[in-house]
Amino acid sequence: MPSTTSHSPEPGRPRLDSATAAVRLGVRQSLNECSDGAVVLVCVSGGADSMALAAATVFEAKPRSIRVHSITVDHGLQRGSDAVAQRTANALKTWGIEAHVERVQVVDAGGPEAAARQARYRAIDATAQRVGAELVLLGHTLDDQAETVLLGLARGSGAGSLKAMAPLNGRYARPLLGVRRQQTRDSCAARGIDVWDDPQNDDASFARVRVRNLVLPVLEEQLGPGIAEALARTAEQAREDDDAFEQMIEEFIEEVCEPAEAGIAVEVSALAHNPAALRNRLIRYVAAAEFGVSLSRTHTLAIAALVTEWRGQGPIHVPGIVVSRSDGRLVFTAAEKAHSRSGT
């Protein structure tokens with residue numbers, strides 16, 4: 001459990017070790033995104049990753065007068081979780097952190113992991129808003145990034161899964177994506193920081209735990225060391241490619257789209273004369289940007305067939321949208337408006 005007696009994240013000022021130096025470097029680079037004297041919110045569960053992150057944030061924030069708050073979310077899913085959360089907050093307070101504990105109710109919609117994540121982020125967003133945080137720091141490590149890539153590939157998420165977690169997404173920052181999980185443990189050990197080991201991290205009923213404890217070790221054994229680093233590099237390169245693609249699409253979409261009755265229309269010729277990868281991205285972009293709909297690959301290809309395999313077929317119905325071809329254009333219409341116009 002996190003200590004409630006130490007008065008500093010580095011009692012006795014031990015010599016700087018390489019693991020702590022790596023954690024601090026990641027935090028320093030993330031804090032460059034906020035102004036001097038700002039408020040940052042660190043998400044701390046009490047585990048090694050988040051405790052190392054919190055300790056490094058206190059160290060790096062002081063020279064810039066950055067005020068450090070923390071949030072520990074109690075999901076209420078384990079016996080004694082409230083005591084763990086409070087002990088974590090008490091330890092953080094001895095470091096000069098303004099610590100907050102938030103109890104959330106997890107409604108099991110979409111699976112326990114997804115439900116817990118949604119409840120957690122609602123609490124984090126509310127606390128960040130309340131304290132005026134410019135930046136919210138999350139403790140995801142390079143190992144978490146590698147696991148995310150593998151899980152996405154296993155689910156058939158395509159290129160979107162390869163880019164995994166972003167180092168910076170709005171006000172959310174992940175300073176430790178270049179730091180191994182073992183380094184955070186080593187840093188805490190070197191600083192004399194007590195940590196809490198969540199028993200769910202060894203619960204094989206969770207897919208991420210199986211990837212962590214079974215899949216990645218097998219890949220390391222069979223293919224050689226460095227698999228996690230390679231997956232993280234792949235995520236970084238995929239993110240660069242995806243960002244460039246998105247910028248191209250945003251510029252291109254202005255040229256080929258026009259308003260239509262109860263929706264938006266895209267020139268068929270513009271879609272037909274571009275590679276499938278760009279055509280499909282344009283279709284997904286329109287669905288997401290105009291209607292807030294995330295299309296599956298099956299739905300995307302069905303819509304694309306109105307361009308590439310046009311034989312006079314009728315409209316395509318996908319969740320939330322109806323897409324038809326008319327006068328050389330693909331017309332996207334919100335499903336409820338399309339139904340009201342047709343009298344159904």
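Notes on the structure in this doc start here. No experiment lies behind these values; they were computed from the predicted model shown. (Residues numbered from 1 in each chain as written. Predicted model: local features only at pLDDT ≥ 70, side-chain atom pairs only at ≥ 80, totals over all residues. Heavy atoms only, no water.)

A closer look at the sheet that holds strand β9 (residues 316-318)
Okay, so step 1: The 5 strands are arranged β7-β8-β11-β10-β9 in an open sheet whose pairing can be described as antiparallel. In this open sheet, the two edge strands, each paired with only one partner strand, are β7 (257-260) and β9. Taking each pair of neighbouring strands and ignoring which way they run, the sheet shows an average axis angle of 25°.
Okay, so step 2: Pairing geometry for strand β8 (residues 263-267) and strand β11 (residues 329-334), over 5 bridges, is antiparallel. Bridging from a neighbouring strand, Gly263 pairs with Thr333 of β11.
Okay, so step 3: Sitting on the sheet, helix α9 (residues 227-256) touches β7 and β8, and the angle it makes with β7 is about 55°. (Pairing = 2+ DSSP bridges. Helix = DSSP H or I, 4+ residues; strand = E, 2+ residues; numbered from the N terminus. Axes fitted to C-alpha atoms, helices over the stretch in contact; angles between N-to-C directions. Contact = heavy atoms within 4.5 Å.)

Here's the deal with helix α1 (residues 18-31)
Okay, so step 1: Taking 1.5 Å per residue as the helical rise, α1 with its 14 residues ought to reach 20 Å, and the 20 Å between its terminal C-alpha atoms agrees with that figure.
Okay, so step 2: Along α1, the residues classified as buried are Ala19, Thr20, Val23, Arg24, Gly26, Val27, Ser30 and Leu31. For α1, the arc enclosing every buried residue in end-on projection is 160°, short of the 170-degree limit, so these residues lie on one face.
Okay, so step 3: Those residues of α1 hidden inside the fold are in contact with β1 (39-43), α2 (48-61), β4 (135-137), β6 (172-173) and α7 (181-191).
Okay, so step 4: The N-cap of α1, judged by a side-chain oxygen 3.3 Å from the amide nitrogen of Ala19 a few residues on, is Asp17. (Expected span 1.5 Å × (residues − 1). Buried < 20%, exposed > 50% of the residue type's maximum accessible area, 1.4 Å probe, protein only. Arc of directions from axis to C-beta. Polar contact = N/O pair within 3.5 Å; in protein donor to acceptor, adjacent residues only side chain to side chain.)

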